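Chains, contacts and geometry: an overview
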Amino acid sequence: MVRLTCGSALLFLVCVVSARPQCAKGFCMVTEGGTSTPAVHSVPFYKKFSGKVKSIKTLLARDLARYKVDTVAARAVGEAPGTNNDFSYVAATKVGTQTFELLVDTGSSLTWVGAETRYTPGSTAVNTGKRFSVIYGDESTASGTEYTDTVVIGGLTIRNQSFGDATRSSGFNGVDGIIGFGPVDLTQGTVSGVTTVPTVMNNLFSQGTISTQVLGISFAPESGSDNDDTNGELTLGGTDPTKYSGSITWAPTTTASPYNRAVVDTGTTLIYIPTAAYNSFLTASGGHTDHAAGLASWTALPTHNFAFTIGGVSFSLTPSQFTVPTAQYADWGLPSGKFYGLIANGGTVAAGVNFILGQKFLENYYSVFDTTDSRVGFATGA
Ligand SMILES: *[C@@H]1O[C@H](CO)[C@@H](O)[C@H](O)[C@H]1NC(C)=O
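Residues numbered from 1 in each chain as written. Predicted model: local features only at pLDDT ≥ 70, side-chain atom pairs only at ≥ 80, totals over all residues. Heavy atoms only, no water.

What to know about the environment of Asn364
- By the element assignment, Asn364 lies in the loop between α6 (359–362) and β24 (365–370).
- Distance in space between the C-alpha atoms of Asn364 and Gly381 is 6.8 Å, their sequence separation being 17 residues.
- Contact partners of Asn364, with chain neighbours within four places excluded, come to Pro221, Leu317, Gln321 and Gly381.
- Among the polar contacts listed, one links the side chain of Asn364 to the side chain of Gln321, at a separation of 3.1 Å.
- A polar side-chain atom of Asn364 sits 2.9 Å from the main-chain carbonyl oxygen of Lys360. (Helix = DSSP H or I, 4+ residues; strand = E, 2+ residues; numbered from the N terminus. Contact = heavy atoms within 4.5 Å. Polar contact = N/O pair within 3.5 Å; in protein donor to acceptor, adjacent residues only side chain to side chain.)

Quick look at the structure:
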C-alpha cells in the first residue's frame, strides 16, 4: 500500500492546511448559537458533465491553475479561486424570482449569477451600486454589479444576500455562476468599497436559520458509464448521519501560507499529490505516466490500495476507485487497452499548492467543511 501523510491538518477551500492545530487570523472564532431553533437542512445537488472531456491535459492544467503561486499571491488582494471543469457539481438556487444552476464551490466564497441566464431584478432586488469583479486561477472571470436579493437554496430562505450580477463572464459553460461556500476572507477585494461580503453560510447563520456554519457533502461514487447523476447531497448547518458511518475525523484548517499543505476542494476534478509521492506511487504500483493523457497508467489494474493519512486515520482508495472506469473512456477521450489513474502529479511546492483532494477523493468519503471551528472532517460513506 502506498501511504501518503498530509500532516495533522488539511486546508479547505483556499485554505491551506496547517501542520499544527492552530487557527488562522479571522478564521477561528467559535460562535455559539443562532437566534432561532437550530436546524439542519439537506439539499440535493447534481453533477453536470460537459458531454466529453475535450482534453485531459486542459482539465489537469485548469485543476492546478486554481492554486498556482500567482493565484495564491493574487488572493492576498482578494481574488478567489474557481473553475468550471468538464465535471461540475451544481445546485439549483433561487435568486429573486429566478432559479439558476450554480456551481457548488468550497474553494471560493462570492456568489454570482448571470453566466448563461441573465438575472432580471424583481421587486425584492436592491442594486447596491457597487462593482464586483473576480478573476479565477484558471483565468476565467466574472464582473458586473452587486445586488442583494432573497436567495433560496434547498428550501432555506436567505434575505438580503449579496451576490454579483455578471454583465460579463468568461470560461463558464453550462452553469449560471457560482455559489461560494468558502470562508468570508476569500471575498476580500471582490466588491468595491467593502472589505468582505457576507457569504451564504454567514447569512444563514446570522439570520438564525442554521446554528453552526457547517457544510456536509456527500457524493455517491460514479460507476459504469454514468457521470451526470443527481447523486450528491449538501447539508447546511450540520451533517447528515444517514450519509456516513462511524465517527468524523477532523483536521484543522488555516488560511495561512499554502505551502506543504493540502487543499480539499469540490471544484477540482482529480486528486493531486506532490511529484515525489506521485513517483513513489508509480514505482510501487508498476505504473507510468501516459504522456498523451498526462495521467498515471497501468497495463493491468493495480492490486493495492492507495491510502491518505488524515488526522491519524487512514482513508484509502481501492484501485477501482483511483482509476477511470473503463465504461467512461469514451467520455474522457481515452483509448482502451490501459488503466488510467485519477491520482495525478501535482508538481512541486514551488509552483503552488500541489496536494489537492478533489472530487475523485470526495466521491468516496463524506466530507464536512466547518467554518465555525476552522476544520475539515472526513468519514466513511454510509
Ligand atoms: C444587507 O446586507 C449588506 C451586506 O451584504 C449589509 O451591509 C446591509 O446592512 C444589509 N441590510 C439589511 C437591511 O440587513
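Let us keep going from here.
Quick word on the pairing of strand β11 (residues 177–180)
- Alternating residues of β11 divide into Gly177 and Ile179 and Ile178 and Gly180, and every residue in both groups is buried.
- Where strand β6 (residues 98–105) meets β11, four bridges bridge the pair, whose relative direction is parallel. Within the sheet, the bridge partner assigned to Val104 lies in β11 and is Ile179.
- Sheet topology note: the strand β7 (residues 112–113)/β11 ladder contains two bridges and is antiparallel. Counterpart to Val113 in the pairing with β11 is Gly177. (Buried < 20%, exposed > 50% of the residue type's maximum accessible area, 1.4 Å probe, protein only. Pairing = 2+ DSSP bridges.)

Brief notes about the pattern of salt bridges
- Enumeration over the complete set of coordinates arrives at five salt bridges.
- Taking the shortest distance from any N to any O, the salt bridge between Lys338 and Asp290 comes out at 2.7 Å. Residue Lys338 is found in the loop between α5 (329–332) and β21 (339–340), and its partner Asp290 is found in strand β17 (residues 288–290); the two are separated by 48 residues along the sequence.
- The residue Arg375 makes a salt bridge to Asp373 at a minimum N-O spacing of 3.8 Å.
- Judged by relative accessible area, which is 25%, Arg375 ranks as partly exposed.
- One connected set of salt bridges, linked through shared partners, spans Asp370, Asp373 and Arg375. (Salt bridge = Lys/Arg side-chain N within 4 Å of Asp/Glu carboxyl O.)

What to know about the site of the ligand
- The ligand sits among Asn160, Ser162 and Pro198.
- Between the ligand and Asn160, the relevant distance is 2.4 Å, taken from an oxygen atom to a side-chain nitrogen or oxygen of the residue. (Near = heavy atom within 4 Å.)

Structural notes on the UniProt feature "active site" (unreviewed entry) in the protein
- As recorded in UniProt, the feature "active site" (unreviewed entry) lies at Asp105 and Asp265. Sequence-wise these annotated residues cover 161 residues; spatially they are packed, their C-alpha atoms never more than 7.5 Å apart.
- Locating Asp105 in the fold gives a position in strand β6.
- Residue Asp105 is classed as buried on the basis of its relative accessible area of 0%.
- Among the structural elements, Asp265 can be located in the loop between β15 (263–264) and β16 (271–273).
- A distance of 2.8 Å separates the side chain of Asp265 from the side chain of Thr268, its partner in a polar contact. (UniProt positions renumbered as here; feature names shortened; annotations may be inferred.)

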